[in-house]
Amino acid sequence: MQARDIQGPVHIHAVPSNAARHGEPVPWQLPTDVRGFVNRAVEQEAMDRLLVERPPSAQVLVLTGTAGVGKTSLALHWAHAVRERFPDGQLYANLRGYDPQEPMAAAQVLERFLRALDVPAVAIPTDPEAMASTYRSLVAGRRMLVVLDNASSAAQVRPLLPGVPGCLVVVTSRHRLSGLGVREGARHLTLEVLAEHDAVELLRAVTADYRDGDDPDELAQLARLCARLPLALRIAAERAAGRPRILLNDLIQDLRDESSLWDALSSEDEGESEAVRSVFAWSYRALPVDAARLFRMLGLHPTGEFSVASAAALVAISTRQVSRLLDGLVASHMIEQTARDRYRFHDLLRAYAVDQVRREQEPDESECAVRRVLAWYLHTADAAQVRIAPHESRVALAALEPEVKPAAFSDAAAAWEWFEAERENLASVTRTAAALGLDACVWQLAIVLRAFYMQRNTFQDWFATSHLGLEAARRGGDRHAQAELHESLGMAYTQSSRLDQAAEEYEAALVVRRELDDLAGEALTLNGLALLRLRRHQLLGAQEAFERARALFQALGDTYWEPRTAVNLAEVQAGLGQLAEAERVVCAGLESFRAVADRRAEGNALRILSRVQLEGGRTDEALESAQRAVDLAMDLNSPVAEAHWLTQLGHVQRAVGRCADALASYQRAAVLQRSLGDRSREALAWDGAGLAYLELGRAQEASEFHRRAVAVHCDLGDRWQWALSLCHLAEALEAMGEAADAVRENRREALALLGDFTDPIAQRLSDQLTSVLGEGA
């Protein structure tokens, strides 16, 4: 199947215990340890005691304390110190519980964790409860450390907790999260502000290489002005380190003046938080004008993490200029650098930036800045789409302001690198555009992002952005966009094995395409609908849809999609036993693909040609075609193609009596499909391996592989493949000499499943089963 048929999701079940010993993936997600961490010895000793208690009395530790007290720093520093005690890895998530925008949903975090645990995208369930169950299954029996930073509520944390002992979860929060203590037996450790001598030690640790001779009493004064809070202390220390020739007393007086201003504006009970704000304001007002403007405008960015290029778009200056300014903000400890060209805010500093932009900028200026950065993301995503999916539908975009330069990509690899770095931001950008009522931007983003999501199967983001886009298109009355997004949802539901919903979305798209007299769009939707029917072995319905799509492409003179649809049709014709016509169509497609050097399409056509030749009894030709297809896949370095085409090669090798070679092909295909997360095709490879084992006289092993295939097809609701695997299992059980009742029961179940199918092959198989069951009666 071509281009738009990226096969769908599976559900992962049990994993072996102790991943480190069994070759399972070991995630190491902890952010960098805190530079110059000092003190907190008492708290670290208390945390250490959790590791030596037998049995462990707590699986969850909640670090709580006021904003800026150093909860995250302590959690990360301690986690780095004890990580060897957790050989199966560490998981980390910033839950953004106190960000100006909405916190991270548990489903978003679970998707990230499952990916880190090497669950392929297509294997990640779409339902949040199923995701949590899969996560708990994967971490069961492992010794892992999970750090959940900036949690705002117990409800945000609960879905992320392992279900059995062995893992330790460290949660940081400004709230006590008492519910975790009641239900989950969590321990609580409250962080107070630093003792004065510890606060002074932190100031010295940061300034030691830049200043000497500072008076201890003045350092103590500075520590008190910072309320002995680590975040405020670090910012103040960075400012002192950056001005080594200025007397510390002068810096203290500046801070006292700033504190007096905030005291006049603050209520009596705000205490520590206002001390932090005083330090923020003190450092902010010391910034050069252009750096201060950048800092506050970064508060308008859709997320707290951003790149150099998106920051440049926000403030409408060059990337060279913004890089210099960002370096200054990092040096002032106002933002943190996380990678070569990426930065992030502490949530308190982001909130302060948002406050300053409200105080100091006109609303129109702020709105223009947000529109610029949203437009930058949209145009950059469009530029990336050209590289990774040039034949997918393009959206006509409005021109950018001259100062805003979208990223350019030299090849598909560069485009994918950008997408992976910005993946979480892109969903947030779409939500931000929706919240601002920028409907055109919302649906345009959703359509552009489809090209990425359909190749990575990032279902949470795909569903979220597509539904937002569809709602925006409806509000704006844009019927063409509605059709595109119905089709996008059809693809997403197909690839996530929610086939009934997929059919509804494709049918909805088809209605709109015809209403608009959009022939090209109608043809694409028909192709997608036909692929869905082919997956369900609805061969006559698939044939009808492919023929209609092909006729439309021919009428439009579309030389890209017409031969691809024709080859898809040939696969249906082969399934219907129309071998001569299927071979004619495939050979015409091969000629077309070779003329334009489309090797991927050529390989897929060779796979289908091999099937036609095999079913026609021309085994030598079938073997040659299948081997050439696999060779092309390896030349293309495409594991998706190699895995799929190896299964066909295994079928032919088995047919010519090379069962050992067939077994190797099936096993290689199964390994690749497992890594790709395509459970359906993995089960097809298992079923083929079972047939090869049976022909080698190893019926017991054959039955084990067929049972696995039956279980998967049953779980996925694939009634056709389920029936075939039951037939094969019955043959293996019969060869083992199993009880006749067990053999008959599998055949009866297969016959019942086949009642849904009316094509000639299904009818022939039903007749054979009926005959065999009748003979054994």
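Not measured: the values here are computed from a predicted model.

Digging into the sheet that holds strand β4 (residues 168-173)
And step 1. Taken together, 5 strands build an open sheet; the order of strands is β2-β3-β4-β1-β5 and the sheet is parallel. Lying at the two open borders of the sheet, with one neighbouring strand each, are β2 (90-94) and β5 (187-190). Going from strand to strand, the sheet's axes swing by 15° on average, the running direction of each strand aside.
And step 2. The pairing of strand β1 (residues 60-64) with β4 spans 5 bridges and is classified as parallel. The residue of β4 that forms the bridge with Thr64 is Ser173.
And step 3. Set on the sheet, helix α4 (residues 106-116) makes contact with β2 and β3 (145-149); between it and β2 the angle comes to about 155°.

Notes on the packing of helix α14 (residues 308-315) against helix α15 (residues 319-331)
Two measures define how a pair of helices packs: the angle their axes make with one another and the distance between the axes.
And step 1. Orientation of α14 relative to α15, taken along the N-to-C sense of each, is 105°, at an axis distance of 9 Å. Between α14 and α15, the angle is such that the two are roughly perpendicular. Residues Val308, Ala309, Ala311, Ala312 and Val315 of α14 touch α15, and the partners they reach there are Thr319, Val322, Ser323 and Leu326.

Describing the pattern of salt bridges
And step 1. As enumerated under the stated definition, the model contains 47 salt bridges in all.
And step 2. Its salt-bridge partner being Glu184, residue Arg183 comes within 4.0 Å of it at the nearest N-O pair.
And step 3. A salt bridge links Glu401 to Arg372; the nearest nitrogen and oxygen atoms lie 4.0 Å apart. Pair noted here: Glu401 is in the loop between α17 (363-388) and α18 (412-435) and Arg372 is in helix α17, with a separation of 29 residues, a long-range link.
And step 4. Residues participating in the shared-partner salt-bridge network are Glu392, Arg450, Glu484, Glu487, Arg513 and Asp518.

Let's talk about the pairing of β3
And step 1. With respect to burial, β3 is a largely interior element, 5 of its 5 residues being buried.
And step 2. Neither face of β3 is exposed, since Leu145, Val147 and Asp149 on one face and Val146 and Leu148 on the opposite face are all buried.
And step 3. Relative to β3, β2 runs parallel, the two sharing 5 bridges. Paired with Gln90 across the two strands is Leu145, which belongs to β3.
And step 4. Note that β3 and β4 share 4 bridges and pair parallel. Along β4, the bridge assignment pairs Leu145 with Leu168.

Definitions and limits used
Residues numbered from 1 in each chain as written. Predicted model: local features only at pLDDT ≥ 70, side-chain atom pairs only at ≥ 80, totals over all residues. Heavy atoms only, no water. Pairing = 2+ DSSP bridges. Helix = DSSP H or I, 4+ residues; strand = E, 2+ residues; numbered from the N terminus. Axes fitted to C-alpha atoms, helices over the stretch in contact; angles between N-to-C directions. Contact = heavy atoms within 4.5 Å. Parallel < 35°, antiparallel > 145°, perpendicular 65-115°, else oblique. Salt bridge = Lys/Arg side-chain N within 4 Å of Asp/Glu carboxyl O. Buried < 20%, exposed > 50% of the residue type's maximum accessible area, 1.4 Å probe, protein only.

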